[in-house]
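An overview of the molecular structure
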Amino acid sequence: MYLEIQEEVFVEDLEEMKEVYQSVGWIKHSNDVIKQVFDASDIKVLVKVNNRIVGLGRAISDGIFNAAIYDIVVHKDFQNKGIARKILNHILEQLKEVSCVHIISTTGNEEF
C-alpha cells in the first residue's frame, strides 16, 4: 500500500478529514473546527491512500523548547497498518530540534 504524505490542509480536504474523525467516534469535529485547529497548528500531516485521506495528525510548537502532538487519527478501516506510526515519525522528524515533545493520548490509546 502506497502512502502519500501531505503537509498542507486545503479547503477541499476538510470533508474527508471529518470522515476520518467521525470513523473513530469524534463527532464534534465540524469542517469549521477542523480548519481552525489545523490553521493554528505548526505541523500538519495528512496521509492519503489512492488520493483519499485515511489519517492525519498535527503539532503545535515554539520551535525551540516545547511541542505538543495532537490528533493522530487513522480512519477505522485503515487502522493497524502502520499509518499512525508513519504520522508520528513524520511529525517527530519535523520536531527533531525541539527539546521537549509531549504527546496527548485519549483514554485507551496510552500504549501507542
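In what follows, the accompanying structure is described. The structure presented is a predicted model; accordingly, all values stated were derived computationally and were not measured. (Residues numbered from 1 in each chain as written. Predicted model: local features only at pLDDT ≥ 70, side-chain atom pairs only at ≥ 80, totals over all residues. Heavy atoms only, no water.)

A word on the overall build of the protein. Across its full length, the protein holds three helices and five strands. When the elements of the protein are put in sequence order from the N terminus, they spell out β-α-α-β-β-β-α-β. Taking 13 Å as the expected radius of gyration for a compact globule of 112 residues, we find that the protein reaches 13 Å, a close match to that expectation. For the C-alpha atoms alone, the extent of the protein along its principal axes is close to 35 × 30 × 30 Å. Out of the 112 residues belonging to the protein, those deemed buried represent 38%. Considering only contacts in the protein between residues 6 or more positions apart, those separated by 24 or more positions represent 59%. (Helix = DSSP H or I, 4+ residues; strand = E, 2+ residues; numbered from the N terminus. Rg over C-alpha atoms; globule rule 2.2 N^0.38 Å. Buried < 20%, exposed > 50% of the residue type's maximum accessible area, 1.4 Å probe, protein only. Contact = heavy atoms within 4.5 Å.)

Under the criterion given, the structure shown has five salt bridges. Of the charged contacts, one joins Lys18 and Glu15 as a salt bridge, the two residues approaching to 3.5 Å between their closest N and O atoms. Of the two residues, Lys18 and Glu15 both sit in helix 1 (residues 14-23), three residues apart, roughly one turn of that helix. The exposure class of Glu15 is partly exposed, given its relative accessible area of 40%. (Salt bridge = Lys/Arg side-chain N within 4 Å of Asp/Glu carboxyl O.)

Mapped onto the secondary structure, Glu97 falls in the loop between helix 3 (83-94) and strand 5 (100-103). Sequence separation between Glu97 and Phe78 is 19 residues, and the spatial gap between their C-alpha atoms is 31 Å.

Next up on the list: the nonpolar core. Within soluble globular proteins, side chains that are nonpolar generally end up buried alongside one another. Grouped together as the largest cluster of nonpolar side chains are 17 residues, with contacts concentrated most on Val47, Ile83, Ile87, Ile91 and Leu95. Residue assignment for this core shows that the elements contributing at least two residues are strand 2 (43-49), strand 3 (52-61), strand 4 (66-74) and helix 3. Residues contacting Ile87, with those up to four places away along its chain left out, are Val45, Val47, Gly55, Leu56, Gly57, Ile72, Val73 and Val74. Among the nonpolar cores identified, the runner-up in size contains 10 residues, and Leu14, Val20, Ile34 and Phe38 belong to it. (Core = buried A, V, L, I, M, F, W, Y, C linked by side-chain atoms within 4.5 Å.)

Moving on to the sheet that holds strand 2. Taken together, the five strands give an open sheet; going across it, the order is 1-2-3-4-5, and neighbouring strands pair in mixed fashion. Looking along the sheet, the strands with just one partner apiece sit at the ends: strand 1 (4-6) and strand 5. Averaged over all adjacent pairs, the angle separating strand axes in this sheet is 20°, with direction ignored. As judged from the three bridges shared by strand 1 and strand 2, these two strands associate in the antiparallel manner. Note that in strand 2 the partner of Ile5 across the bridge is Val47. Lying on the sheet, helix 1 is in contact with strand 2, strand 3 and strand 4; it crosses strand 3 at an angle near 90°. (Pairing = 2+ DSSP bridges. Axes fitted to C-alpha atoms, helices over the stretch in contact; angles between N-to-C directions.)

For the rest of this paragraph, the subject is the pairing of strand 5. When strand 4 meets strand 5, the two strands line up parallel, connected through four bridges. Within strand 5, the residue paired with Ile69 across the bridge is Ile103. After leaving strand 4, the chain enters helix 3 and then returns to the sheet as strand 5, a path that is right-handed. (Right-handed = clockwise from strand over helix to strand, strands pointing away.)

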